[in-house]
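In case you want the letters, here they are:
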Amino acid sequence: MPGLLRGVARTAVVAGTATAVSNRVSQRQAGRWAQQDAERQVAYQQGVAPPTPAAPAAPPSTADEMTSKIDQLKQLGDLKDQGVLTEEEFAAQKRQVLG
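Now for a look at the structure at hand.

About the thresholds
- Residues numbered from 1 in each chain as written.
- Predicted model: local features only at pLDDT ≥ 70, side-chain atom pairs only at ≥ 80, totals over all residues.
- Heavy atoms only, no water.
- Core = buried A, V, L, I, M, F, W, Y, C linked by side-chain atoms within 4.5 Å.
- Buried < 20%, exposed > 50% of the residue type's maximum accessible area, 1.4 Å probe, protein only.
- Helix = DSSP H or I, 4+ residues; strand = E, 2+ residues; numbered from the N terminus.
- Contact = heavy atoms within 4.5 Å.
- Salt bridge = Lys/Arg side-chain N within 4 Å of Asp/Glu carboxyl O.
- Expected span 1.5 Å × (residues − 1).
- Arc of directions from axis to C-beta.

Concerning the nonpolar core
Item 1. Formed by Ala 9, Val 13, Leu 76, Leu 79, Val 84, Leu 85, Phe 90 and Val 97, the largest nonpolar core amounts to eight residues.
Item 2. When residues of this core are traced back to their parent elements, those giving at least two are α1 (2-46), α2 (63-81) and α3 (87-98).
Item 3. Apart from the residues lying within four places of it in its own chain, the contact partners of Phe 90 are Leu 73, Leu 76, Gly 77, Lys 80 and Leu 85.

And the structure:
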């Protein structure tokens, strides 16, 4: 039974992390598209040719991203303290969260 519980908990952590990351990426991309659309609309109204897109740079870490990572690490620490995750599983999940 403890092995099953550990597997279920691990799956929940991985799924929760994946969902949080996916939602954040979707929100960020939607914001970028909205900004590009607004810039194109203004340029069109002014009769200016739209700027060519620049090469994407590495996105800086924002406060929201850091808070999200900290919350995920706290959850992982709690699961480790409860004995749901082993030290190796905790380390692997921590590496995944931190990238």
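This is not the end of the story, as more comes after the structure.
Concerning the environment of Asp 64
Item 1. Of note, Asp 64 is situated in helix α2.
Item 2. Here the alpha-carbon distance between Asp 64 and Arg 24, two residues 40 residues apart in the chain, equals 9.5 Å.

Description of the pattern of salt bridges
Item 1. Within this structure, the stated rule accounts for four salt bridges.
Item 2. With a shortest N-O distance of 3.9 Å, Asp 37 and Arg 40 are connected by a salt bridge. Of this pair, Asp 37 and Arg 40 both sit in helix α1, three residues apart, roughly one helical turn.
Item 3. Accessibility expressed as a relative area gives 48% for Arg 40, which makes it partly exposed.
Item 4. Across the pair Lys 80 and Glu 87 runs a salt bridge whose closest N-O atoms are separated by 3.4 Å.
Item 5. Residue class for Lys 80 comes out partly exposed when judged on its relative accessible area of 27%.
Item 6. For Glu 87, a relative accessible area of 47% translates into the label partly exposed.
Item 7. Bridged by salt links that share partners, the residues Arg 6, Arg 10 and Glu 89 form one connected network.

Notes on α3
Item 1. With 12 residues, α3 should reach 16 Å at 1.5 Å per residue; the first-to-last C-alpha distance of 16 Å fits that figure.
Item 2. Among the residues of α3, those classed as buried are Glu 89, Phe 90, Gln 93 and Val 97. Looking straight down α3, one finds its buried side chains confined to an arc of 100°; they lie on one side. In this structure, α3 carries Glu 88 and Arg 95 as exposed residues pointing more than 90 degrees from its buried face.
Item 3. Backbone geometry just after α3 places Gly 99 at a positive phi near 80°.

Coordinates in, geometry out; function isn't part of it.
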